[in-house]
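# Report on the structure
Listed below are the residues making up each chain.
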Amino acid sequence: RQQLMAFIDKQILAIDKEIEKTLQTDVELKTKIENVCTIKGVGTLTAVSVVAECDGFELIDNKSQLVSYAGYDVVERSSGTSVRGKTRISKKGNAHIRHALFFPALSAAVHDPKMKALYDRILEKNPKVKMVGSVAVQRKLLVLIYTLYKTNQIFDPKHEENKQAERLKKAA
């Protein structure tokens, strides 16, 4: 049993070294991954996993397409006009992305005030099902990763406030 654990640890280290080696050879990719890692809760492995699963967002044109690709799009169970069920995520998309974002979402919901506010707001509506709030944070993280990767910018927690102040300046 300990031999197996040692072997697995050795493989994990080898994979981590391979990821670092790849990032060192591609400067543009490394910069984009570092920008994505400025999001609280998102580390190099998460960023690389999401970007790799989405093939560098090459075929993704917008956020809603990405959300659908990852399986975070909302579907409603219905049949005709009489049966209206609960809404839920489709899960028809890439499960690897959802797996990669699970723990970062939990971390972000604790350490990032905006993600915590989102999680708490959803938990207020349905306190029994905490997974709904976690999925909402995962979706938000995915969209943030996409935006930062595409725009090649670092995460600014005050982005919304700055944007709103800019709009007010233009209006005045």
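These lines cover the structure that appears in this document, whether it is placed above or below. Note on numbering: residues in each chain are counted from 1, in written sequence order. Confidence filtering applies because this is a predicted model: local features only for residues at pLDDT of at least 70, side-chain atom pairs given and counted only at 80 or more, and all residues used for totals across whole chains, interfaces and linings. To get the side-chain values, take all heavy atoms of the structure and skip hydrogens and water.

## A word on helix H3 (residues 44-53)
Listed as buried for H3 are Thr46, Ala47, Val48, Val50 and Val51. Buried positions along H3 lie against helix H1 (2-25), helix H2 (27-36), helix H5 (95-111) and helix H7 (130-151). Only runs of H or I of at least four residues qualify as helices and only runs of E of at least two qualify as strands under DSSP, and these elements are numbered from the N terminus. In the segment just after H3, Asp55 is the residue with positive phi, at about 55°. Remark: exposure states derive from per-residue accessible area (1.4 Å probe, protein chains only) relative to the maximum for the residue type, with buried under 20%, exposed over 50%, and partly exposed in between. The criterion used for residue contact is that any of the two residues' heavy atoms lie within 4.5 Å.

## Topic: the nonpolar core
Buried Ala, Val, Leu, Ile, Met, Phe, Trp, Tyr and Cys residues form a nonpolar core when they are joined through side-chain atoms within 4.5 Å. The biggest cluster of nonpolar side chains holds 39 residues, and the ones touching the most others in it are Phe57, Val137 and Leu141. Mapped onto this core, the elements with two or more residues apiece are H1, H2, H3, helix H4 (63-70), H5, helix H6 (113-125) and H7. Broken down by element, this core gets its largest block of residues, 10 residues, from H7.

## Considerations on the packing of aromatic side chains
Only the six-membered ring of Trp is used, alongside the rings of Phe and Tyr, when aromatic pairs are assigned; centres must lie within 6.5 Å, and planes under 30 degrees apart are stacked while those over 60 apart are edge-to-face, with the rest tilted. What the rule picks out here adds up to three aromatic pairs. Here the aromatic residues Phe57, Tyr146 and Tyr149 are joined through ring pairs into a cluster of three or more. A cation over a ring is seen here: Lys32 above Tyr149, with NZ or CZ 4.8 Å from the ring centre. Charges are assigned to positions over rings by a cutoff of 6 Å between ring centre and Lys NZ or Arg CZ, combined with an angular limit of 35 degrees from the ring normal.

## A few points about the side chain of Ser134
You can see Ser134 is positioned in helix H7. Ser134 gets classed as buried once you look at its relative accessible area, which sits at 5%. Not counting chain neighbours up to four residues away, the residues in contact with Ser134 comprise Phe102, Ala105, Leu106 and Tyr119.

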